[in-house]
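Per-entry structural report
Listed below, chain by chain, are the residues.
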Amino acid sequence: MLSLSCDERHIYLATYDIISREDREVELPLDIYLQSHGDRVDGLSQGHYVYRAGALVAISHHILEQRHIIAINQRAYQRATGMVSLVSRDARKWHAYIDMGRMMQRLQHNEQRIGLMSSGYSSKSGNDLTSALRLRAILSECGLTADACYTAVFGRISEAQRVHEGMHEDAPHMEGPAELIRNDLRAVLPDYMVPSKIALIEEMPCSASGKIDVNVLKSHPAFEDSDSNREMVAPRNETEAQLALIWREEFGVEEPSVFDDFFEAGGDSLQAVQLVLNINKKLHVNLPVQVLFEAPTIADLARRLEAGKVSYQSSRAVMLRKGNGATIFCWPGLGGYPMSLRHLAAALVTSRAFIGIQASGLNDGEHICRSIEEMSVRDAQMIRQIQPGGPYTLWGYSFGARVAYETAWHFEKSGEKVAELILIAPGSPQVPGGDPVPAEPAALFRDPSFLTILYSVFAQTISPHRVAPLIEAVRNERAFVTFIAAEKPELDVNVIGRITQLVAETYTPGYRSQMEQHELSAPVRLFKARGDNPSFLETLTRAVKHPATIIPLAADHYDLLKPGRVEELVHAIHRQAPT
């Protein structure tokens, strides 16, 4: 719901106007405080301000931090412009909380597209939430009180959000402890190790010997209720029943609902490939892997199949975020599957569409490009079908940054304008043996550095203890596929082989661009992951006409796009937006 804008100060000024108007329309015994956190507002330092006579007066440099916010809205705090707190001047009156609720409702129903989301409050019972305790401590240092208070984060919302009953676009932020734990695990574990379900219990059941009683644990009500929030709808026709059976085999869910979302169920990029492969094999159809972005539920897939669209090749341009205006086109890293860009697309604060460019060759029977130049020409043709003319906005992550650069140069060579090129972690992560040396496949599969990078495509890690057994066992492509198949038995060996070939091709001697002969005119911003080696843009002298803006990030190469880390990247992108 909440987001940043290019000029955050006008959100505060609009809030002043709303508050001032409410003061005129209804006299409520309330004090109103505004918080600015971080550097979200140009010219307004971090701290708390009190609204007095149409202006803000700074009262403290202390703030409510993310950890003080109720858990379900902590992610909203990261994207919020600031916070507003209402404090009753007479908490002894029974209607103090009604007064605060009336004012908060009036603030929410405004014409300035400013949205508010509850983040904490005090309680008549004395069980105040953490935000109320923190606010009370801040105001106490200023000689003020906050016996009855209500706090909300606020920021810009879209017109669609403003008029939509229920504000359904808030759903991604409505996360409880289980979802927050899963997001933390995603930040430190490879995708396939993150559990699809998490149940919270107050005490572990133990046997008489003091060991955990697994049988009692399995029957705990918390596990029975772990899916109570989802709508359980059994298959309603034969197609849905067939898909539900495949879904059950893939995720181990005994009774999948036809409205279960693949992504919300914890599905990752490799599971997506496997799931679509199983559907094609068992239902004798030919769906592309990117179909899950368009139809992420059993019900959606069933409608797609029943409509007769059973043998087609969707565009490799995968819509990750719908919007208006000029589209953002973004290339993923090695492996070429745009699912890794999904969290980036969701976290962006923009009304523009965001499309991930899937590599050719990921779907069965597709041509694998033999050079970056060939890939850029094919991708540029596809982009023109979506947006016939420039200026184009092109982004690329990791290896995809090279393809984005080459495509930008191709557009400029053709007379098209590129508005901006954003390169995200374009440098390779530091591998103990150095970067892989381009070679023919027979030599590549004996190169520890190449094996390490290739393994990371499947495991999202280059941890030495994970990679060491691979390096010891593998000497050729077949051995690598066999190794991954043993580690990931849920994946079809043909899928592993196709992805392996796709990655291996990029390291053959002929698979390179003529970047040293290019000179790009478009403005370039480079977001550098922690620990990465210098990228091609930093080592070539003629890569760009104007020096690129380089922004270092705290997240490393593999964590950069994961929940909990991608917010840092998004904030940096918006903060460093060109004027």
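Residues numbered from 1 in each chain as written. Predicted model: local features only at pLDDT ≥ 70, side-chain atom pairs only at ≥ 80, totals over all residues. Heavy atoms only, no water.

Moving on, we get to the overall build of the protein chain. On a plain count of helices and strands, the protein chain comes out with 22 helices and 13 strands. Counting contacts in the protein chain only where the partners sit at least 6 residues apart, residues at least 24 apart contribute 71% of the total. Total accessible area on the protein chain is roughly 26,700 Å²; 51% of this is exposed by carbon and sulfur atoms. (Helix = DSSP H or I, 4+ residues; strand = E, 2+ residues; numbered from the N terminus. Contact = heavy atoms within 4.5 Å. Areas by Shrake-Rupley, 256 points an atom, 1.4 Å probe, with all protein chains shown as cover.)

Turning next to the sheet that holds strand 13 (residues 549–556). Taken in spatial order, the seven strands make up an open sheet running 7-9-8-10-11-12-13, and their pairing is mixed. Pairing within the sheet leaves two strands with one partner each, and these edge strands are strand 7 (317–321) and strand 13. Along the sheet, successive strands turn relative to each other by an average axial angle of 20°, direction set aside. Inspection of the sheet shows strand 8 (residues 328–331) paired to strand 9 (residues 354–357) by three bridges, in the parallel sense. The residue bridging Phe329 from the neighbouring strand is Ile355, located in strand 9. Against the sheet, helix 15 (residues 399–413) makes contact with strand 8, strand 10 (392–397) and strand 11 (418–424), and its axis sits at roughly 155° relative to strand 10, the strand it touches most. (Pairing = 2+ DSSP bridges. Axes fitted to C-alpha atoms, helices over the stretch in contact; angles between N-to-C directions.)

With that settled, consider the packing of aromatic side chains. Tallied over the full model, the rule gives seven aromatic pairs. Between Phe445 and Phe480, the ring centres sit 6.2 Å apart and the planes meet at 55°, which makes this aromatic pair tilted. Remark: Phe480 occurs in helix 19 (residues 477–487) and Phe445 occurs in the loop between helix 16 (441–444) and helix 17 (448–459); sequence separation between them is 35 residues. Through pairs of rings, three or more aromatic residues link up here, namely Phe445, Phe450, Phe458, Phe480 and Tyr507. (Phe/Tyr/Trp six-rings, centres within 6.5 Å; stacked < 30°, edge-to-face > 60°.)

All right, on to the packing of helix 19 against helix 20 (residues 493–505) then. Direction vectors running N to C along helix 19 and helix 20 enclose 130°, while the axes themselves pass 9 Å from each other. What the angle tells us is that helix 19 and helix 20 run oblique. At the point where helix 19 passes helix 20, the crossing takes the right-handed sense. Mapping the contact onto sequence places Glu477, Phe480, Val481, Ile484 and Ala485 in helix 19 and Val493, Ile496, Gly497, Thr500 and Gln501 in helix 20. (Parallel < 35°, antiparallel > 145°, perpendicular 65-115°, else oblique. Left-handed = near helix turned anticlockwise from the far one by under 90°.)

Strand order across the open sheet formed by six strands is 3-2-1-4-6-5, with antiparallel pairing between neighbours. Two strands close off the open sheet at either side, each with one partner strand: strand 3 (55–60) and strand 5 (114–121). Shown here is a sheet whose adjacent strand axes are inclined to one another by a mean of 30°, direction ignored. By the bridge criterion, seven bridges tie strand 1 (residues 30–36) to strand 4 (residues 82–88) in an arrangement that is antiparallel. Residue pairing in the sheet places Leu34 in a bridge with Val84 of strand 4. Along the sheet, helix 3 (residues 96–108) contacts strand 1, strand 4, strand 5 and strand 6 (149–156); its crossing angle with strand 4, the most-contacted strand, is approximately 150°. Relative to the sheet, helix 4 (residues 130–141) contacts strand 1, strand 2 (47–52), strand 3, strand 4, strand 5 and strand 6, its axis offset from that of strand 5 by approximately 90°.

Take the pairing of strand 1 next. Counted residue by residue, strand 1 has seven buried out of seven residues, so it is predominantly covered. Because side chains alternate across strand 1, one face comprises the buried residues Leu30, Ile32, Leu34 and Ser36, and the other comprises Asp31, Tyr33 and Gln35, equally buried. By the bridge criterion, four bridges tie strand 1 to strand 2 in an arrangement that is antiparallel. The residue of strand 2 that forms the bridge with Tyr33 is Val50. (Buried < 20%, exposed > 50% of the residue type's maximum accessible area, 1.4 Å probe, protein only.)

Now for the side chain of His37. Position of His37 relative to the elements: it lies in the loop between strand 1 and strand 2. Of the residues examined, His37 reaches a relative accessible area of 4% and is grouped as buried. Here Gln35 takes part through its side chain, which lies 3.1 Å from a polar atom of the side chain of His37. At a separation of 3.5 Å, a polar atom in the side chain of His37 contacts the main-chain carbonyl oxygen of Tyr77. Residues within four places of His37 in sequence aside, it is in contact with Gln46, Ile63, Tyr77, Ala80, Gly82 and Met83. (Polar contact = N/O pair within 3.5 Å; in protein donor to acceptor, adjacent residues only side chain to side chain.)

Now for the pairing of strand 6. The buried count for strand 6 comes to six of eight residues, which makes it a mostly enclosed element. Pairing analysis gives seven bridges linking strand 5 to strand 6, with the strands arranged antiparallel. The residue bridging Gly120 from the neighbouring strand is Thr151, located in strand 6.

A complete count under the given rule lists two cavities of 30 Å³ or more for this structure. When its volume is computed, the largest cavity comes out at roughly 130 Å³. Those elements that place two or more of their residues in the lining of the largest cavity are helix 14 (372–386), helix 15 and helix 20. With three residues, helix 15 is the largest single contributor of residues to the lining of the largest cavity. Residue composition of the lining of the largest cavity, by class: eleven nonpolar, six polar and two charged. (1 Å grid on protein atoms, 1.4 Å probe; cavity = no way out; pocket = protein on both sides within 12 Å on 5 of 7 lines; lining within 4 Å. Points joined across faces, edges and corners; volume = space filled by probe spheres on them. Nonpolar A, V, L, I, M, F, W, Y, C, P; charged D, E, K, R; others polar.)

Moving on, we come to the packing of helix 18 (residues 464–473) against helix 19. Axis separation between helix 18 and helix 19 bottoms out at 10 Å; the angle between their running directions is 140°. By the angle class used here, helix 18 and helix 19 are oblique. Read as a crossing pair, helix 18 and helix 19 show a hand that is right-handed. Between helix 18 and helix 19, the contacting residues are Arg466, Pro469, Leu470 and Ala473 on the first element and Ala479, Phe480, Phe483 and Glu487 on the second. Split by residue class, the contact of helix 18 with helix 19 holds six nonpolar, no polar and two charged.

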